[in-house]
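# Inside the fold
Now for the letters of each chain:
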Amino acid sequence: MRTSPFLSAATPLQRVMLKVLAALLPGIALQVWLFGIGVLAQLALASVAALATEALCLKLRGYPVRRFVSDGSALVCAWLLALSLPPLAPWWLAVLGSMFAIALGKQVYGGLGQNTFNPAMVGFVVLIVSFPAQMSHWAAPLAAGPAYLDASAQLAHIFGGVLPHGIGFDALASATPLDAARTAVRQGLPGPDGMLGGTSAWLALGWLVGGLFLLQQRLIPWQLPCGFLGALAVLAALFHWADPAAHAGALFHLGSGAALLGAFFIVTDPVTAPTTARGRIIYAASAGALTYLIRAFGNFPDGVAFAVLIMNMATPLLDQLTQPPVFGRKAGRAGRS
Amino acid sequence: MSRILHPFHGGIRPPEHKRHSNGSRIGSLPLPSQLVLSLRQHIGQPARPIVVPGDTVLKGQTLAVPEGRISSALHAPTSGRIVAIEPRSVPHPSGLTELCVVLVPDGQERWVERMPFDWRTAGIEAVAQQLCAMGVVGLGGAGFPTHLKLGSGRGIETLVINGAECEPYITCDDRLMRERAADLVAGIQILRTLLRAQTVLVGVEDNKPEAIEALQLACGGADIEVVALPTRYPSGGAKQLIRLLTGLEVPAGTRATELGVQCFNVGTVYALYRALEHGEPLISRIVTLTGAVARPGNVEALLGTPLDALMQHAGADDGVEGYLYGGPMMGFALPSLAAGLTKSGNCIVAKSPALFPPAPPPMPCIRCGDCAQVCPAELQPMDLYWFARARQFDRARERHLFDCIECGACAYVCPSHIPLVDYYRHAKAELWAADAAGQAADLARRRHQARQRRLEAAQQARAERRSPHAAPVPAVTSPAPVVLPPPQTDAPAPLDEKQARIAAALARAAARRDGAGQPPAAASAQPVADEAQPVADEKQARIEAAMARAAQRRAAQESRR
Ligand code: SF4
Ligand code: SF4
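This one's a predicted model, so the numbers in the text were calculated from it and none came from an experiment. (Residues numbered from 1 in each chain as written. Chains lettered and ligands numbered in written order. Predicted model: local features only at pLDDT ≥ 70, side-chain atom pairs only at ≥ 80, totals over all residues. Heavy atoms only, no water.)

## Digging into the UniProt feature "binding site: [4Fe-4S] cluster 2" (unreviewed entry) in chain B
All names here are of chain B. The UniProt record marks Cys 375, Cys 404, Cys 407 and Cys 410 with the feature "binding site: [4Fe-4S] cluster 2" (unreviewed entry), using the residue numbering of this structure. The largest pairwise C-alpha distance within this set of annotated residues, which runs over 36 residues, is 10.5 Å, so the set is compact in three dimensions. Tracing the sequence through the fold places Cys 404 in the loop between α11 (393-398) and α12 (409-413). Among all residues touching Cys 404, those that are not within four sequence positions of it are Leu 379, Tyr 424 and Lys 428. Structurally, the position occupied by Cys 410 is in helix α12. Residues in contact with Cys 410, not counting those within four places in the same chain, are Cys 371, Val 374, Pro 381, Leu 420, Val 421 and Tyr 424. (UniProt positions renumbered as here; feature names shortened; annotations may be inferred. Helix = DSSP H or I, 4+ residues; strand = E, 2+ residues; numbered from the N terminus. Contact = heavy atoms within 4.5 Å.)

Below, the structure is given as structure tokens:
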């Protein structure tokens, strides 16, 4: 029986998801401009694999496939994963990652809304742990790269693993910006600015534009990106201040594309983040701090994924500990506000 | 006005749809061929009929008297003949039937003698008695008997008059405030005097500028503050309104009176004015007829008017696919239009697919928290939903499920279109049922113990009788007084109603305990007649004076407009 209210104003779920995808577009455009058509190939691969896996799981679980596949959540997950992969990664990496993300990260928990961990990050971590070599093969940005690969050559590498005659991957390869920074700092070279900092700052701008759009549309709560970026910046600044030679500064950390992608699109996954305002701040700030620590002292090229997954585990507890007071039950307030 | 408002958390701004119905004056309806008057016009115990089929009654004659403490009287809305007292369908989501008095009007409109009530000297108890006998109950929708809100005469600090009318579509209070502002203000002055209120605040949403202006004019120099509230649903919720106007948050589970505040709906105040100054019982109300109808507007309709007569009057379209009783946020879908209008019927909305597109199928909760953003009770609706779905009702209760006022703001914004309030109502019903079952088990245990004691006593008595030095035979020990649990009659209801139901059950139990033979309501059965006996010319004169005053004031107000 349907009872009141008989009105609804909500943006339907599909539209929410579409807006998130739209918000990713500026960043994607920049990433394509910087790294080439391979980015789009990864997006397509991940999308197809994610949708197929989602449909299969829903069918096995006896759910209405069309209604749930079309909610858009699988696409958002696939895109976030694809954007975290090296643009020239072999095709099966994106496919495998998406399958893991959807099947293991989402459907085994009971589907949309039930999962504990951010599915895209589950996929990413499975890949980085299982295939560390392939996951760290970042091609240099087109503009800065030592060799130029045209679109067909990029696709040939992704799908066939072949490179044009005479070019080895090493010639193309670049470390991730963060790796580069770390190496540079460890080798006593001048900071990474001017090397990759410039390009990744462009990328960061793309994600920032999308993130501001989401904020303006009230699709993400401000506490999450602000908490995350704030904690990351503060820690980076502190360490840089203590030992400038060993640690890159706050701007460098914020300007890495991954930090902003994470802040606006990954930390903000509503399903796996707390729902209370205080819980969200603590969650996001902790994730930001962990990201910094993993970046600065860990072995993985980037820390966002691990930081988010670790904090996902704390979400239920945070929710429980930060329940806001209920109307008429505020302690020490016999009424007067 | 410069009063500092204290916005409550959350709230929403749904499309108002008030223009359909607020543009024309309050109309009236031809006498319907039949009036169907439910004996349950209010929260609490239904009234007890004192007429029988075949009786002829005058307009305003008492048809049924209050039964128990939380109850109110019912009167004949017009003169005519009682043709039946039988179960008929009443406005209720489940199509429930209740005992109804069916009256066939004779078209004469012959009134009983009406006597203004001398509330200035009568004392608060007597005024309360009078309001109870005049059938005055809350007209804002909840239907709480008004006489119970007067208190003991200790006085309050702030009197809040609720003219917010925040639900979409409904405009009956708007029209009332515009057209009968003078009478309304007279009613407010009565309440202020009775309650000895220091401050009087009238809250009206700022989407009703005409009503605000009319009230301000009518208040004249009187020390009544008409406050324009930002339009934000549910500012008309009593606790939200009190918070908005005074900054006071009524603690959960307590009454506003404990903070020295009392809140009345404008329609109720008007009814109170009619009852006290004119001796007119509550026999009609203003109801908004709107939605997919040809002639939307407000009519002052006799209680018991069949709802289909109302909808015919408004010209319901062919495309109508159902009707709402009350507004779209908190009202309910009527199973049929067979029922008669009740005191709490503030609005009937004819639903068309264009105005009310079917809700998309619900999707899973993505924990976006939008619902918590808008919840005026500051709950975490998604958690309550989660617990209700998982049938962890006790955990929902721990998270203050019963503080939910069922305003529907959460479901309104939910992007997954989850019918959240359905879940809350269901969870509340389950918890009440569990509580009742617990009480029943408790009762059974106590009964068993009592029986055990009785048997033992009897056995002992027998033993003593058999012994040579028998004492006089003791009377069989009577079992301990037994309190019956409240019967869980109908579907989940708002919190107040639940409290009222509990109180009513307690009252019933108390009555049962007190007098075994006497019908419990005998004491309160006759106040109307008593009041009406001493016919004083003086009073008559006062009526006329009052009427003249009101008319003068109304005229002055009209000319000033
Ligand atoms: S608004 Fe709906 S989807 Fe969002 S948290 Fe609340 S119940 Fe869940
Ligand atoms: S219906 Fe209940 S939970 Fe939902 S917004 Fe209103 S008070 Fe909050």
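On we go.
## Considerations on the sheet that holds strand β12 (residues 261-265) of chain B
Residues and elements named next belong to chain B. Strands sit in the order β11-β10-β9-β12 across an open sheet of four strands; the sheet is parallel. One side of each edge strand has no neighbouring strand; the edge strands of this open sheet are β11 (225-229) and β12. Within this sheet the neighbouring strands show an average axis-to-axis angle of 25°, counted without direction. Judged from the six bridges that link them, strand β9 (residues 158-163) and strand β10 (residues 199-205) form a sheet pairing that is parallel. Directly across from Leu 159, in β10, lies its bridge partner Val 200. Sitting on the sheet, helix α6 (residues 238-246) is in contact with β9, β10, β11 and β12, with an inclination near 120° to β9. Set on the sheet, helix α7 (residues 266-277) makes contact with β9 and β12; between it and β12 the angle comes to about 85°. (Pairing = 2+ DSSP bridges. Axes fitted to C-alpha atoms, helices over the stretch in contact; angles between N-to-C directions.)

## A short note on the UniProt feature "transmembrane region" (unreviewed entry) in chain A
In this numbering, the UniProt entry assigns the feature "transmembrane region" (unreviewed entry) to residues 32-56, 91-109, 121-140, 195-215, 222-242, 248-268 and 280-298 of chain A. End C-alpha atoms of residues 32-56 of chain A are separated by 31 Å, and the span's content is 92% helix alongside 0% strand.

## With respect to the packing of aromatic side chains
Residues and elements named next belong to chain A. Within the structure shown, the criterion is met by 12 aromatic pairs over all chains. Taking 6.2 Å as the distance between ring centres and 70° as the angle between the ring planes, the aromatic pair formed by Trp 207 and Phe 265 counts as edge-to-face. Within this pair, whereas Trp 207 is found in helix α11 (residues 197-216), its partner Phe 265 is found in helix α14 (residues 257-266), the two being separated by 58 residues in sequence. Relative accessible area serves as the criterion here: at 1%, Trp 207 is assigned to the buried category. Judged by centre distance (5.6 Å) and plane angle (65°), the ring pair of Phe 239 and Phe 297 falls under edge-to-face. Linking Phe 239 in helix α12 (residues 223-242) with Phe 297 in helix α15 (residues 277-297), this pair joins segments that are 58 residues apart in sequence. (Phe/Tyr/Trp six-rings, centres within 6.5 Å; stacked < 30°, edge-to-face > 60°. Buried < 20%, exposed > 50% of the residue type's maximum accessible area, 1.4 Å probe, protein only.)

## Overview of the UniProt feature "binding site: [4Fe-4S] cluster 1" (unreviewed entry) in chain B
Residues given the UniProt feature "binding site: [4Fe-4S] cluster 1" (unreviewed entry) here are Cys 365, Cys 368, Cys 371 and Cys 414 of chain B. Their sequence span is 50 residues, while the largest C-alpha to C-alpha distance among them is just 10.5 Å; these annotated residues converge on one region. Within the secondary structure, Cys 365 of chain B is located in the loop between β17 (347-350) and α9 (370-374). Sequence-distant contacts of Cys 365 of chain B, that is, excluding residues within four places in its chain, are made with Gly 113 of chain A together with Met 382, Tyr 385, Ser 416 and Ile 418 of chain B.

## Quick notes on the pattern of salt bridges
Evaluated as defined, the whole model comprises 26 salt bridges over all chains. We note a salt bridge from Arg 367 of chain B to Asp 319 of chain A, for which the minimum N-O separation is 2.7 Å. Note that Arg 367 of chain B is positioned in the loop between β17 and α9 and Asp 319 of chain A in helix α16 (residues 304-321), a pairing that runs across two chains. Close ionic contact of Asp 174 of chain B with Arg 178 of chain B constitutes a salt bridge, the shortest N to O distance being 3.1 Å. Of this pair, Asp 174 of chain B and Arg 178 of chain B both sit in helix α3 (residues 172-179), four residues apart, roughly one helical turn. On the accessibility criterion, Asp 174 of chain B (1% relative accessible area) is buried. Beyond isolated ion pairs, a larger network of salt bridges with shared partners links Arg 114, Asp 183, Arg 274 and Glu 280 of chain B. (Salt bridge = Lys/Arg side-chain N within 4 Å of Asp/Glu carboxyl O.)

## Focus: the interface of chain B and chain A
On the chain A side, the residues contacting the 58 residues of chain B number 43 residues. For the pairing of chain B and chain A, the buried interface totals around 4,200 Å² over both sides, and the portion due to carbon and sulfur atoms is 55%. On the chain B side of the interface with chain A, the three residues burying the most area are Met 363, Ile 366 and Arg 367 of chain B, jointly 17% of the side's total. Where chain B meets chain A, there are two salt bridges. (Buried area = accessible area lost by both parts, 1.4 Å probe.)

## Here we look at the site of ligand 1
Around ligand 1 sit Cys 365, Ile 366, Arg 367, Cys 368, Gly 369, Asp 370, Cys 371, Met 382, Cys 414, Pro 415, Ser 416 and Leu 420 of chain B, and those are all the residues in its vicinity. Its residues assigned to classes, the shell around ligand 1 shows eight nonpolar, two polar and two charged. (Near = heavy atom within 4 Å. Nonpolar A, V, L, I, M, F, W, Y, C, P; charged D, E, K, R; others polar.)

## Some points on the packing of α12 of chain A against α14 of chain A
Residue and element names in this part refer to chain A. Taken N-terminus to C-terminus, the directions of α12 and α14 make an angle of 150°; their axes are 8 Å apart at the nearest point. Viewed along their axes, α12 and α14 adopt a mutual orientation that is roughly antiparallel. Considering the relative orientation of α12 and α14, their crossing is right-handed. In this structure, α12 contributes Pro 225, Phe 228, Leu 229 and Leu 232 to the contact, and α14 contributes Ala 259, Leu 260, Ala 263 and Phe 264. (Parallel < 35°, antiparallel > 145°, perpendicular 65-115°, else oblique. Left-handed = near helix turned anticlockwise from the far one by under 90°.)

## A closer look at helix α4 (residues 73-83) of chain A
For α4 of chain A, the tally of buried residues reaches 10 of 11 residues, placing the bulk of the element in the interior. Residues of α4 of chain A that are buried include every one of Ser 73, Ala 74, Val 76, Cys 77, Ala 78, Trp 79, Leu 80, Leu 81, Ala 82 and Leu 83 of chain A, and no others.

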